[in-house]
Amino acid sequence: MTMKLPILSLLLLTLGTTNLSAQTTPDTLLPVMPYAQAKDYEIGGVKVVGAQFSDPQALVSIAGLRVGEKVRIPGPSITKAVQALWNLRLFTDVEVNKERTQGDVIFLEIIVKELPRYTRHSFTGVKKNKHDDLNGVINKFIQKGAILTDNVKASLQYGLEEYYIKKGQLDAKVTIKSAPDERATNAVKLEFVIKPGKRVKIKDIRFTGNENVKSMVLRKKMKNTSRKLKIFKKSKLVDTDYQEDKVAIESYYNTVGFRDARIVKDSIWRTKKGELIVLLNIEEGKRYHFRDVTWKGNTIYETKFLDQVLGIKKGDVYNQELLNTRLQFSQDGRDISSLYLDNGYLFFRVDPVETSIDNDSIDLELRIYEGPQATIDRVVIKGNERTHEHVVRRELYTRPGDKFSRSDIIRSQREIVNLGYFNPETLDINTPVNPDRGTVDIEYTVEERPSDQLELSAGYQPRTAFTRGGVIGTLGVTFNNFSLRNIRNKESWNPLPQGDGQRFSVRGQTSGQNFQSYNASFTEPWLGGKRPNSLTVAGFYNRYAYGFEGASTYQKLDILQGTVGFGTRLKWPDDNFVFRADLDIQTLRLTNWSGFQDDQGRVVNQGIYHNYNLGLTLARNSINDPIFPKSGSLLSVKLQATPPYSWFRDESFYGSDKDPQEIYRFVEYLKWRIDAEWYTTLVGKLVLKTQAKIGILDQWSSKTGLSPFERFELGGDGLSNQNFGLNGRDIVSMRGYETSDIMAPFPGGAGVFNKYTVELRYPISLNPSSTIFVTAFAQGGNAWQQARDFNPFDLRRSAGMGLRVFLPMFGTLGFDYGFGFDKPGLIGKSGKWTDYAKFNIVLGFEPD
C-alpha cells in the first residue's frame, strides 16, 4: 500500500492547479517534487473531508497545521502532518490538498479514507450451541462499530483458537474472511471459518529421576492434567493447568523432605495416532530432616507450650507445607498464629529462619514479634438492604471494646451464614488496622438473598370406593425474615413487613372432605431483643377420612394441636449448645379409625384422646451452612413426656377387660429421640455426611403397655411428616423401602427404630438462587416392637443416588433412587433389579 503526500509546488501554483499531488512511500516519506520552488504561506484555514467517525478538530490538531502559522510548501510540515495522521492507524489513505489561495494565504484540505468498521459476523463449521461462548471471545477483542485492523484480526484468530486449545483441541484452526457489508457504508462483515478438530488426549505421563516417589503418586498430584485412562475426568493438555501441575509436583516433594526437588526438563510429543506423550525429568536432591527448632522473642507463651502446638520434633522429615500450616492459619486451629490472634495480638508475626544446614539436617529459629494487643474499635455491617442491622449485629461475637480474636470472627461469620438471609459465597470480612492507636475495625459486607418460601400446587384425585375424589390444592407461605413490629408500617410491606428475623408461616392443603390440613406458626428468635431466647407459638389441624360419611366403612381421624416453645442458647459446655422446651396440647378424635392398637392387640378406633406433653431438647449445632454444609455437626437429644397418670391409678384400671377408650383417654408415654449428623469436606467440594438416628418409646410404669399413639413408622419417603404427624406417629424415611417392607410385623407402629446413613454430596451449583447437588448414599435401618428387642446390628440395607435442588421460594426439591437389599420375600432369591428399587421424591423439606 502506498501513502499519498501531496506537496504544493510552485510550478503548479503558477498554473492554477488545485491538487497538491506529490507522493512518498510509507518507508521513505520523501517527496517526488523538487523543493527548489518552495514558497512560504500563512495558513488561512484547514478543512477535513471524509472523517465519518473521527473528530475533524482532533485530526487538525494532531496534524499540527494551525491557522495563522507560516508553512513552507513544499516542505517538511506537510510531510509531518500526513505522517502523524497515518500513525493513528485509522485510515487507508491520507491526502493534504490546496483548496484555494488568497495572496500569501493558503487554505488546506485534509482528505482521509477511514478503515472499514466491523458490523457483524457469522460462524462456519461449528454448531449453534457454541455460538454464545464464541461470541464472548470475540467481544473481548472488538465491539460492533469498531475499526477492524490487521492486529485485531490476528487477535481474533488467536483468541478463538485458544478457546479450543483450552478444551484440548490442539489442532483447531480458524480462518477469517472479510467482505463489505451491504447494510452499511464503509463497513465490513466477518466470517469465521472454524475447524475445531478432535480433542487430543494424553496417552501417557512419564517420569524420569523419581527414585523415591512412585510415578503413580506423582500423576495423582497432577489434578488438571491426566491420562486418558481416567473414567470421570477428561484427558487434555492446557498449558496454564499443566504449569500449575508441575508446581504441584515440586510442592509435594517439599512435603516429603525433598526441598531441593525440581523439574529440570519436560518434553511433549505426538504419537502416530496424534496422542500426546508427556515426559517430566525430575531432580530430587537429598531428603532433609528437622534438627533443632528454637524460639526467640516469645514472652506470652512458654517455649515448651509452643513446641507442643508446633508438633515438629527433631528427626522429623522436613515438610515446608506442614511448617507453614503449624505457624499460621491451620484449618483445625492448631497453629501458632491462631494462638496469638485469638488473644488479641493482631500485630503478631513469626518468621522461620534456617540458621544451619548440615548435610541433610536443618536447624530452625522461629523469631516471634508479639506486638501489643489490639482492641476492636468499630464493627461495621454493609449490604443489609432488607435485614435490619440489629438482627445481624446480635449474632456477632465481635463487639467494640473487646480484644481482637480470630476465632470470634470465624464464629461470627458462621452465625451470619446460618441466618439464611445472605449469600455465603459473597460474604466478605475486612479488618482495617490503626497501628498508632492499637485498634482494628471489623467490616462485614453481606449480600441479601431471597429467604421466603412459597408452596403452591394443585392436582386431581380420582373417585374411588373410599374417597370422593376431586381437586387437591396446597397453598403455603413461609416468611423467614418477618417483622411483627412493622405490621402497621405500610412502607415496610414487601409483600409483608420484613427485616427483624422472625419466622411466620401459614399452610393449607385440602382435597375436600377426605383430607384437610391447616397450620400456622410464629417464632421470635430473640425474645426481648437482649438475649438469644426464642419463643414459638404454633397450631395445626389435620383431618383425614376414608369412605363416605354415614356408611359403615367410614373412617375419620381429626388432630388438633397447639404448641408453645421456649429456647435459649447456653454458655456451657460451649455456646454452640441450645436448650428448648415445648408444651404441646393435642386432641385426637377417632371415628372407626383403624390405625392404632396397643401391645395386647386391642384396637383403638373410637373416641377422643388427649395428648398433653412436654418436650425437652438439648442440641449442639456447629454446621457452617444450613443449605449445603461443608463442615460441622448437629447433635440432638430430645425427651418428650406426658404426665405419669399411671402413678396415681390402680393396676386394675389397665386390665385386659377394660375399654381402651377409657385407658388411653389421657395418653401416657416417655419418648426419646437421638439424632446426630456430621459433615466433612473430603477433597475439593466433595462432602461426606454421616448420620445416625435412634427413637425409643417407653412407659412411665409397668402397669401400662406402650402407648398406641406416638409410635414410629420407618420406610418410604417420609412425606407425611409435612403434616405434623398426620396419623399420630413419627414417620421416618428409609430410601429403597416401602413402609410395608419394614412395618408389616407392626400394624400398630414400632416402639423402637434406628437408621444410619453415609452420604457423599457434590455441588453442581452453589448459587444462592438455586443450590444444586448430587448425592450417593448407603443406609441401614430397622424397627422393633419394644426396646428389649432392639438390635443395632440387625439392619435393612440400601444404597442409591439422588439429586437436591434448593430454591429459596420453594425449599428443597429432589429425588432419590434407592435399592433395598433386604426386602422381605426377596432375600436369598434372584429377582429383577427393579424389584429392589424404590423411587422417592422430596418436596419442600429434607425427609427425616
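Owing to the predicted nature of the structure, the values given are computational and were not obtained by experimental measurement. Just so you know, the residues in each chain are numbered from 1, in the order the chain's sequence is written. Predicted model: local features are reported for residues with pLDDT of at least 70 only, side-chain atom pairs are reported and counted for 80 or more only, and whole-chain, interface and lining totals are derived from all residues. No hydrogens and no water enter the side-chain calculation; it runs on all heavy atoms of the structure.

1. Regarding the overall build of the protein
Turning to step 1, where the next piece is worked out: Within the protein one finds 15 helices and 37 strands.
Turning to step 2, where the next piece is worked out: A globule of 848 residues ought to have a C-alpha radius of gyration of about 29 Å, yet the protein, at 40 Å, is considerably larger.
Turning to step 3, where the next piece is worked out: By its C-alpha atoms, the protein is 140 × 80 × 70 Å across when sized along the principal axes.
Turning to step 4, where the next piece is worked out: Split into buried and exposed, the 848 residues of the protein put 45% on the buried side.
Turning to step 5, where the next piece is worked out: Only heavy atoms matter for contacts: two residues are in contact if any of them lie within 4.5 Å across the pair. Within the protein, contacts between residues at least 6 apart in sequence are counted, and of these 60% link residues at least 24 apart. We count a stretch as a helix when DSSP gives it H or I for four or more residues in a row; a strand needs E for two or more, and each element gets its number in order from the N terminus. Here the globule rule is a power law, 2.2 Å times the number of residues to the power 0.38, and the radius of gyration is based on C-alpha atoms. A simple rule labels every residue: compare its accessible area, found with a 1.4 Å probe on the protein chains alone, to the largest value its type can have, and call it buried under 20%, exposed over 50%, or partly exposed in between.

2. Here's the deal with the packing of aromatic side chains
Turning to step 1, where the next piece is worked out: Only Phe, Tyr and Trp rings are paired, with Trp represented by its six-membered ring, and only when their centres lie within 6.5 Å; those with planes under 30 degrees apart are stacked, over 60 edge-to-face, the remainder tilted. Scanning all chains against the criterion turns up 27 aromatic pairs.
Turning to step 2, where the next piece is worked out: Judged by centre distance (4.6 Å) and plane angle (50°), the ring pair of Phe596 and Phe709 falls under tilted. In this pair, Phe596 is assigned in strand β26 (residues 577–597) and Phe709 in the loop between β30 (686–698) and β31 (712–714), connecting sequence segments 113 residues apart. Of the two residues, Phe596 and Phe709, both sit in the buried class.
Turning to step 3, where the next piece is worked out: Connected via pairs of aromatic rings, a cluster forms that spans Tyr301, Phe305, Tyr340, Tyr345 and Phe348.
Turning to step 4, where the next piece is worked out: Throughout this description, the term charge over a ring refers to an Arg CZ or Lys NZ atom that lies within 6 Å of the ring centre and within 35 degrees of the ring normal. Here Arg259 stacks its cationic end above the ring of Tyr318, 5.6 Å away from the centre of that ring.

3. Thoughts on unusual backbone geometry
Turning to step 1, where the next piece is worked out: In this structure, the amide linkage connecting Trp572 to the following residue, Pro573, adopts the cis form with an omega of 5°.
Turning to step 2, where the next piece is worked out: The backbone of Glu710 sits at a positive phi, close to 65°, despite the residue not being glycine.
Turning to step 3, where the next piece is worked out: Following the sequence through the fold, Glu710 ends up in the loop between β30 and β31.
Turning to step 4, where the next piece is worked out: With relative accessibility at 8%, the residue Glu710 sits in the buried group.

4. A closer look at the confidence of the model for the protein
Turning to step 1, where the next piece is worked out: For every residue, the pLDDT score states the predictor's confidence, bounded by 0 at the bottom and 100 at the top. Per-residue confidence for the protein gives a mean pLDDT of 87; residues scoring 70 or more make up 91%.
Turning to step 2, where the next piece is worked out: In this model, residues 1–33 is a region of pLDDT below 50 whose contacts with residues beyond four sequence positions or in other chains number 72 contacts.
Turning to step 3, where the next piece is worked out: Here residues 720–726 scores under 50 on pLDDT; set against residues more than four positions off or in separate chains, the count is 23 contacts.

5. Regarding helix α9 (residues 320–327)
Since the α-helix turns once every 3.6 residues, residues separated by three or four places project in the same direction.
Turning to step 1, where the next piece is worked out: Residues of α9 that are buried: Leu323, Arg326 and Leu327. When α9 is viewed along its axis, its buried side chains cluster within an angular range of 100° and face the same direction.
Turning to step 2, where the next piece is worked out: Buried residues along α9 sit against β13 (289–296), α8 (303–310), α10 (336–341), β14 (349–358) and β15 (361–369).
Turning to step 3, where the next piece is worked out: In protein, a polar contact requires one atom able to donate a hydrogen and another able to accept it; more generally it is a pair of N or O atoms within 3.5 Å, and residues adjacent in sequence count only if both atoms are side-chain atoms. Two or three places before Glu321, at the start of α9, stands the capping residue Asn319, its side-chain oxygen 3.1 Å from that residue's backbone nitrogen.
Turning to step 4, where the next piece is worked out: Once α9 finishes, Phe329 follows within two positions and takes phi at roughly 60°, a positive value. The directions considered for the arc are those from the helix axis to the C-beta atoms.

6. Notes on the sheet that holds strand β5 (residues 91–102)
Turning to step 1, where the next piece is worked out: At least two bridges found by DSSP between two strands is the condition for calling them paired. Spatial ordering of the open sheet is given by β4-β3-β6-β5, a layout of four strands whose pairing is mixed. Looking at the sheet topology across the chains shown, the edges are occupied by β4 (70–73) and β5. Strand-to-strand twist in this sheet, taken as the mean axis angle between neighbours without regard to direction, amounts to 45°.
Turning to step 2, where the next piece is worked out: Bridge count for strand β3 (residues 39–49) against strand β6 (residues 105–114) is seven bridges, and the pairing is parallel. Each residue of the ladder has a partner; that of Val48, found in β6, is Ile110.
Turning to step 3, where the next piece is worked out: Each axis is a line fitted through C-alpha atoms, and for a helix only the stretch in contact is used; angles between axes span 0 to 180 degrees, taken between their N-to-C directions. Contacts between helix α2 (residues 56–63) and the sheet are confined to β3, β5 and β6, with β3 contributing the most and set at about 150° to the helix.
Turning to step 4, where the next piece is worked out: Most of the contacts of helix α3 (residues 76–86) go to β5, to which it runs at about 145°, and overall it touches β4, β5 and β6.

7. Observations concerning the packing of α2 against α3
Turning to step 1, where the next piece is worked out: Where α2 contacts α3, the axes come no closer than 8 Å and their chain directions differ by 125°. The angle between α2 and α3 places the two elements in the oblique class. Residue-level inspection shows Leu59, Ile62 and Ala63 of α2 in contact with α3, the latter providing Ala81, Ala84 and Leu85.
Turning to step 2, where the next piece is worked out: Considered class by class, the residues forming the contact of α2 with α3 number six nonpolar, no polar and no charged. The cut-offs work like this: below 35 degrees is roughly parallel, past 145 is roughly antiparallel, 65 to 115 is roughly perpendicular, and the gaps in between are oblique. In the scheme used here, Gly and all other residues not listed as nonpolar or charged are polar, with Ala, Val, Leu, Ile, Met, Phe, Trp, Tyr, Cys and Pro taken as nonpolar and Asp, Glu, Lys and Arg as charged.

8. A few points about the packing of helix α4 (residues 131–139) against helix α5 (residues 150–165)
Turning to step 1, where the next piece is worked out: The contact between α4 and α5 brings their axes to 9 Å, and the two run at 140°. The angle between α4 and α5 places the two elements in the oblique class. Our pair here, α4 against α5, has a crossing hand that is right-handed. Every residue of α5 that contacts α4 at Asp133, Leu134, Val137 and Ile138 is listed here: Leu156, Gly159, Leu160, Tyr163 and Tyr164.
Turning to step 2, where the next piece is worked out: For the contact of α4 with α5, the per-class residue count stands at seven nonpolar, one polar and one charged. What makes a crossing left-handed is the near helix being turned counterclockwise from the far one by less than a right angle; a clockwise turn instead makes it right-handed.

9. Description of the sheet that holds strand β10 (residues 202–208)
Turning to step 1, where the next piece is worked out: Taken in spatial order, the three strands line up as β10-β12-β11 in an open sheet, and their pairing is mixed. In the strand order of this sheet, the two ends are held by β10 and β11 (262–270), each with one partner. The mean angle between the axes of side-by-side strands here comes to 15°, regardless of whether they run parallel or antiparallel.
Turning to step 2, where the next piece is worked out: As paired elements, β10 and strand β12 (residues 276–283) share six bridges and run parallel to each other. Residue pairing across strands places Phe207 opposite Leu280, the latter belonging to β12.
Turning to step 3, where the next piece is worked out: Those strands touched by helix α7 (residues 239–255) are β10, β11 and β12, and its axis lies near 145° from that of β11.

10. As for a positive patch on the surface
Turning to step 1, where the next piece is worked out: Here, patches come from residues exposed beyond 30% relative accessible area and free of salt bridges, joined within 9 Å for like charges and within 5 Å for nonpolar side chains (Val, Leu, Ile, Met, Phe, Trp, Tyr). To be clear on the numbers: accessible area is Shrake-Rupley with a 1.4 Å probe, and residue cover counts the displayed protein chains and nothing else. Salt bridges are counted wherever a side-chain nitrogen of Lys or Arg sits within 4 Å of a carboxyl oxygen of Asp or Glu. Positive: Lys, Arg. Negative: Asp, Glu. His and the chain ends are not part of the count. Throughout, a charge is located at the NZ atom of Lys, the CZ atom of Arg, the CG atom of Asp or the CD atom of Glu. On the surface, Lys130, Lys167, Arg199, Lys201 and Lys234 cluster together into a patch of positive charge.
Turning to step 2, where the next piece is worked out: Of the residues examined, Arg199 reaches a relative accessible area of 31% and is grouped as partly exposed.

11. Remarks on the environment of Gln143
Turning to step 1, where the next piece is worked out: Structurally, the position occupied by Gln143 is in the loop between α4 and α5.
Turning to step 2, where the next piece is worked out: Sequence separation between Gln143 and Tyr118 is 25 residues; the distance between their C-alpha atoms is 7.7 Å.

12. Brief notes about the environment of Arg788
Turning to step 1, where the next piece is worked out: Relative to the elements of secondary structure, Arg788 occurs in the loop between β34 (770–784) and β35 (796–807).
Turning to step 2, where the next piece is worked out: The exposed category is assigned to Arg788, whose relative accessible area is 68%.
Turning to step 3, where the next piece is worked out: Along the sequence, Arg788 and Ile277 sit 511 residues apart, while their C-alpha atoms lie 65 Å from each other.
Turning to step 4, where the next piece is worked out: A polar atom in the side chain of Arg788 sits 2.4 Å from the side chain of Gln786.

13. What about the pairing of β30?
Remember that side chains alternate between the two faces of the sheet whenever the strand is regular.
Turning to step 1, where the next piece is worked out: Here β30 shows a buried face lined by Val687, Lys689, Gln691, Lys693, Gly695 and Leu697 and an unburied face lined by Leu686, Leu688, Thr690, Ala692, Ile694, Ile696 and Asp698.
Turning to step 2, where the next piece is worked out: In this antiparallel pair of consecutive strands, strand β29 (residues 670–683) and β30, the connection spans two residues, and Gly684 shows a positive phi of 60°.
Turning to step 3, where the next piece is worked out: Examined bridge by bridge, β30 and strand β33 (residues 752–767) share ten bridges and lie antiparallel to one another. Paired with Gln691 across the strands is Thr757, a residue of β33.

14. Observations concerning a nonpolar patch on the surface
Turning to step 1, where the next piece is worked out: Taken together, Phe579, Leu583, Ile585, Tyr612, Leu614, Leu616, Leu618 and Phe666 make up a surface patch of nonpolar side chains, about 640 Å² in accessible area.
Turning to step 2, where the next piece is worked out: Elements represented by at least two residues in the nonpolar patch include exactly β26 and β27 (603–621).
Turning to step 3, where the next piece is worked out: With four residues, the single largest contributor to the nonpolar patch is β27.
Turning to step 4, where the next piece is worked out: As for its placement among the helices and strands, Phe579 is situated in strand β26.
Turning to step 5, where the next piece is worked out: Residue Phe579 is classed as partly exposed on the basis of its relative accessible area, which comes to 33%.

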